[in-house]
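# Descriptive analysis of the structure
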Amino acid sequence: MKSQRGKSQRKQAASPSQSEPVEVYCRIRPIDDPGDTVCVKPIGDSLVQLIPPEISSLRNGVTKEYQYTFRQVFDETASQKAVFDQTALPLVEDLVAGKNGLLFTYGVTGSGKTYTMTGEPQDQGILPRCLDVLFNSIDNYQAKKYVFRPDRMNRFEVQTEADAMMERQRREIMPNLTTPSKASLKRPESGERICDPTKVDTVEEDNNYAVFVSYIEIYNNYVYDLLEELPYNSITGYKPPQTKILRTDSGDNMYVHNCTEVEVKQSQDAIDVFYKGQRRRKVAHTALNAESSRSHSVFNIRLVQAPLDERGEEVVQDSEKICVSQLSLVDLAGSERSNRTKNSGDRLKEAGNINQSLMVLRNCLEVLRENQKTGASKMVPYRDSRLTHLFKNFFDGDGKVRMIVCVNPKMTEYDETIHVMKFAEMTQEVLITKSQQSNKFDLGLTPGRRHLHELQLENAVASPEILNPPPLPSMLDFTFGPPFPLLEMVSPTDDVTTRNIIQCLNERIRRRQEMSLDFERSCTFFRSQLVEFEQDHKVTKSRLIEIEDKYSQKEKLFTKMESKNKKLERKVDELSKQLKDMERENQLLGLQVQDKNWKIQAEKNNFDKLKADFRNRLQMNNMAWEKNLEKARRQLEKEAENQLDERDRKLEMLRDIVNENDLPPATPSRARMRTAPQPTPKPRTYTNSAGIQTAISETDITSVGSSTIASSARAAAGRAGNTRVTSRSTNRIPAAKSIPNLSQVGVTPSSSKSRQPVVNPRYHRRSKSSGSAEQWLEHKPADIVETNTIFQPQMTKKKSVTKLDVKDTKTATKYVLTHQEQDSSDELVTKLIKGDVIPTLGGGAAVVFHDVETLKQVSPGSRKRRSPTTPRYDPALQWTDTEERCSVALEGHKRSRTTNL
């Protein structure tokens, strides 16, 4: 025989005599309103007719009716008992016989699948009736609890009754029971349940049985255990269930790994387990069903049986001699269309997964049918869905498969019903190999061992002395002597027969006397034993009283110790609370100390940063001061050198004027070595934006330098409220040189290479007493940018031209060229290049440049009064020309006023 389920070899191609088709039954649900039109009508015990609606007939023009054949058709009046007897009762018989079975309900949503499977308490469905029939059949043949134990690998182990008793005691005192209790597994109080009294007569009497149940669901193609004890957290509540995986055991059978299997001893316990898992099953409200199943539920009933030993007392201690059969009751979720159920969100996702798994089931059956008809070897796509993967062994021939098609006869369900009918018709063409598994064990033991053992137990209960006879004081044979001799006398003189009879009677009398004496001795012995027993009883009673006193004392002591223990526990709890408070306070103080340390560190880092910044600033300030001091020193050196150069130049000019002989000096002076002699410039009057006129000569401008003019300009701009100051500097140009590119403007430059003679400007001085004013010719290109600077040369008579012509020089005595450029700091600099227009001997004119004025725009700076940077007038300087001294004196007076502005 086959012991554990699935240990046989793989199934080969079965012949038609060894296979059977999938049995498909049809059940029609009663309609709510008898006046509604129906689309399904039974026309026999195994035939139904499908009637299309009027819209479908008008569309095609022809009304086409369909007929489908089933193994059995149950109309609207069929009872739950009739459905069970025809569909599930043979599967229960196979289950007791050690064979596997699969029964599932199929149909659209709202067609009565769940009702057919579970029913109501007053009218039970298939699942409760299967449990009732099973326990009615094996009620007197069940093993003690925990004799059979699952090993979590789809197999079972067997242990002795002593080990089972210890495990029962251990699980009863533990708080977390492996088997659910009746208090936690209460079914809905909807009425008293009516049990099915049917029994199966094919039970093997010499076997012990145990029933294990499990309940799983396949939701969104994931397997969940509905009987799993979920861990509870007081904060987050129950943790969500974990998904289970499918595995293959040693016999290549599919099972749910780590699935909870509960051992039950009566049908009510199994139904309580079922209702416990039913509360956790996924159901939802849709437009077609108030409680629509959103998952496929599978309720497994596993019957474990093993033979008794030779005495008929315990199970054979051999795990290989265990037979496990399984009955799977599957309630498939109904196929549905979203446009009818109005599903959205999670409901729409659930409907998609349900339809997908049902489509995979249909594809698997189609491939099986094609392989059986054509002899092909296409791979069946069992792994495309958890549902088909779990029941792969049943379709491969590991048990009987039956299907109940539930139909809603409403006309609105026609489109879905026709698909269900086509699927049922195709399913009946699939052949399943007959299972060869059996519960017959060939151990060479005597049949009827259980019955013999029960008789021995009954006799032992009725006559206990048979099993344990009391000891006798003597080994006397309790018989009346030999049997009587032949009593027939042949003749009156037959003394032999008379002598034999007398001898037999004497022997019997003797034996009677001996037995009487023995009886008296036995009575005397019994009396003595009874007296001893009474004495022993008195001693035992006294000892018992002493023990009870000691027990009461110990009980009082235990009570005291228990009260003391409770006090200590309360004290420990208080101390633990104080410890927790202290730890919490310590933690808070630690956090505060950490915060303060962090703040101190942050302040220290900030202080170090400020200190480093201060050092950097101090170092940069020192460097800036050193740089400014060095710059001032260089400026002072430059100004002193310029003053010395200016003094030497003026002395040289004064010497030339006094001598008036063109003889070169014997020793060249400092100024003569640096530059050629220049004509004495005349003082000019400048007007600033504030309307203040300042008379400054060109010589003084050169002498004072750019710093004095800049100071005067800043002071004048400060009084006038201007925000920009013009810096004006003057550079002398030797008379012997002329500005380049003068030929471009039509004027002959004064140079040593000129062919036309040039009159010495000393001999062409205009008389100051003639009364004629200077005529200025201002040459200003068209692209000059007006700067509106503070200091502008004051020219009384001037003529401005953009393009120079020879005729413009006829009446001009002075020439000024305006030129603009950018310096190194990208500032706009305006240069006024000045010169004298001198007529030549050839009738032309020559321009001798002798002065360049530079106009800059600089920031006015601070309003604070600054000390003059130019040295005051040194009276030690001796001048021979009175006009020059007066000019310098006037210049110094004006400069002093300008500086103090």
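Looking at an unreviewed UniProt entry, one finds the protein chain named Kinesin-like protein and attributed to Biomphalaria glabrata. Under Sequence similarities (unreviewed entry), UniProt gives the following word-for-word description of the protein chain: "Belongs to the TRAFAC class myosin-kinesin ATPase superfamily. Kinesin family." Recorded in UniProt under Subcellular location (unreviewed entry), the annotation for the protein chain is "Cytoplasm, Cytoskeleton".

Tallying secondary structure elements over the protein chain gives 19 helices and 32 strands in all. Excluding contacts between residues fewer than 6 apart, the proportion of contacts in the protein chain whose partners are at least 24 apart in sequence is 72%. With the model as given, the accessible surface of the protein chain reaches about 54500 Å², and the carbon-plus-sulfur share is 52%.

With that settled, consider the confidence of the model for the protein chain. Any segment with low pLDDT has predicted coordinates that should not be analysed in fine detail. For the protein chain, mean pLDDT is 76; residues scoring 70 or higher make up 70% of the total. Predicted confidence is poor over residues 465–476, with pLDDT under 50, and the contacts of this stretch with residues over four places away or in other chains come to eight contacts. Taken as a whole, residues 767–771 scores under 50 in pLDDT and shows two contacts with residues more than four places along the chain or in a different chain.

Another point: the UniProt feature "binding site: ATP" (unreviewed entry) in the protein chain. When the UniProt feature table is mapped onto this chain, "binding site: ATP" (unreviewed entry) is found at Gly107, Val108, Thr109, Gly110, Ser111, Gly112, Lys113 and Thr114. With respect to the secondary-structure elements, Gly107 resides in the loop between strand S7 (101–106) and helix H4 (113–118). Setting aside residues no more than four positions away along its own chain, Gly107 makes contact with Lys113, Ala333, Gly334, Ser335, Cys406 and Val420. On the secondary structure map, Lys113 appears in helix H4.

A separate point is a positive patch on the surface. A contiguous patch of positive charge on the surface is contributed by Lys566, Lys567, Arg570 and Lys571. Note on placement: Lys567 falls in helix H15 (residues 495–659).

When you tally the buried positions in helix H3 (residues 89–96), you get six out of eight residues, the bulk of the element. Of all the residues in H3, the buried ones are Leu89, Leu91, Val92, Asp94, Leu95 and Val96. Of the surrounding secondary structure, the elements contacted by the buried residues of H3 are helix H2 (80–87), S7, helix H5 (126–138), strand S20 (296–307), strand S21 (323–331) and strand S22 (400–407). Gly98, located one to two residues past H3, shows a positive phi value of around 90°.

Before going further, it helps to spend a moment on the pattern of salt bridges. Tallied over the full model, the rule gives 38 salt bridges. For Arg510, the salt bridge is made with Glu507, and the minimal N-O distance between the two is 2.2 Å. Taken together, the positions of Arg510 and Glu507, both in helix H15 and three residues apart, correspond to about one turn of that helix. The exposure class of Glu507 is partly exposed, given its relative accessible area of 26%. Between Glu630 and Arg633 there is a salt bridge, with its nearest N and O atoms 2.2 Å apart. One end of the pair, Glu630, and the other, Arg633, are both in helix H15, three residues apart, so they sit about a helical turn from each other. Glu630 gets classed as partly exposed once you look at its relative accessible area, which sits at 28%.

Another aspect to go through is the sheet that holds strand S4 (residues 47–50). Strand order in this open sheet of three strands is S3-S4-S5, and the pairing throughout is antiparallel. Edge positions in the sheet fall to strand S3 (40–42) and strand S5 (66–69), since each of these pairs with one other strand and no more. For this sheet, the mean angle separating the axes of adjacent strands, direction not counted, is 25°. Bridging between S4 and S5 involves four bridges; their strand directions are antiparallel. Its bridge partner lying in S5, Leu47 is registered against Thr69.

With a phi close to 75°, Tyr146 is a non-glycine residue in the positive phi region. Structurally, the position occupied by Tyr146 is in the loop between H5 and strand S8 (148–150). Assessed through its relative accessible area of 8%, Tyr146 is described here as buried. Positive phi, normally seen in glycine, also occurs at Asn258, with a value near 60°. Checked against the element boundaries, Asn258 lands in the loop between strand S16 (254–256) and strand S17 (262–264).

The interhelical angle for the contact between H2 and H3, taken along N-to-C directions, is 45°, at an axis separation of 4 Å. On the basis of the axis angle, H2 is oblique to H3. When H2 is examined against H3, the residues Phe84, Asp85, Gln86 and Thr87 are found in contact with a partner set consisting of Leu89, Pro90 and Leu91. Class assignment for the residues of the contact of H2 with H3 results in four nonpolar, two polar and one charged.

A few words now on the side chain of Thr260. Assignment of secondary structure puts Thr260 in the loop between S16 and S17. For Thr260, a relative accessible area of 16% puts it in the buried group. Within the local environment of Thr260, its side chain forms a polar contact with the side chain of Asp225, the two groups lying 2.8 Å apart. With residues up to four places along the chain from it excluded, the contact list for Thr260 reads Arg152, Val213, Ser214, Asp225, Leu227 and Glu228.

Strand S2 (residues 23–28) sits mainly inside the fold: six of its six residues count as buried. Bridge count for S2 against S22 is six bridges, and the pairing is parallel. Along S22, the bridge assignment pairs Val24 with Met403. Pairing between S2 and strand S6 (residues 72–74): three bridges, direction parallel. By the bridge assignment, Cys26 is partnered in S6 with Val73.

Turning to the packing of helix H9 (residues 346–374) against helix H12 (residues 414–427), a few remarks are in order. Relative placement of two packed helices is described by the angle separating their axes and the distance separating the axes. Running from N to C, H9 and H12 cross one another at 35°; their axes reach a closest spacing of 10 Å. Helix-helix and strand crossings are classified by hand; for H9 and H12 the assignment is left-handed. Across the interface between the two elements, Leu361, Arg362, Leu365, Glu366 and Arg369 from H9 touch His419, Lys422, Phe423, Met426 and Thr427 from H12. The residue inventory of the contact of H9 with H12, partitioned by class, reads four nonpolar, two polar and four charged.

Side chains of nonpolar character tend, in soluble globular proteins, to be buried together. By size, the foremost hydrophobic cluster in this structure holds 55 residues, and its most contacted members are Val48, Phe70, Phe391 and Phe395. In terms of residue count, the dominant contributor to this core is H9 (eight residues). Not counting chain neighbours up to four residues away, the residues in contact with Phe391 comprise Leu102, Val298, Ser328 and Val330. Counting residues in hydrophobic clusters, the runner-up holds 44 residues, among them Tyr25, Val96, Val262 and Phe299.

Cut-offs and rules
- Residues numbered from 1 in each chain as written.
- Predicted model: local features only at pLDDT ≥ 70, side-chain atom pairs only at ≥ 80, totals over all residues.
- Heavy atoms only, no water.
- UniProt positions renumbered as here; feature names shortened; annotations may be inferred.
- Helix = DSSP H or I, 4+ residues; strand = E, 2+ residues; numbered from the N terminus.
- Contact = heavy atoms within 4.5 Å.
- Areas by Shrake-Rupley, 256 points an atom, 1.4 Å probe, with all protein chains shown as cover.
- pLDDT = per-residue confidence, 0-100.
- Patch = residues over 30% accessible without salt bridge, like charges linked within 9 Å, V, L, I, M, F, W, Y side chains within 5 Å.
- Salt bridge = Lys/Arg side-chain N within 4 Å of Asp/Glu carboxyl O.
- Lys, Arg positive; Asp, Glu negative; His and termini not counted.
- Charge placed at Lys NZ, Arg CZ, Asp CG, Glu CD.
- Buried < 20%, exposed > 50% of the residue type's maximum accessible area, 1.4 Å probe, protein only.
- Pairing = 2+ DSSP bridges.
- Axes fitted to C-alpha atoms, helices over the stretch in contact; angles between N-to-C directions.
- Parallel < 35°, antiparallel > 145°, perpendicular 65-115°, else oblique.
- Nonpolar A, V, L, I, M, F, W, Y, C, P; charged D, E, K, R; others polar.
- Polar contact = N/O pair within 3.5 Å; in protein donor to acceptor, adjacent residues only side chain to side chain.
- Left-handed = near helix turned anticlockwise from the far one by under 90°.
- Core = buried A, V, L, I, M, F, W, Y, C linked by side-chain atoms within 4.5 Å.

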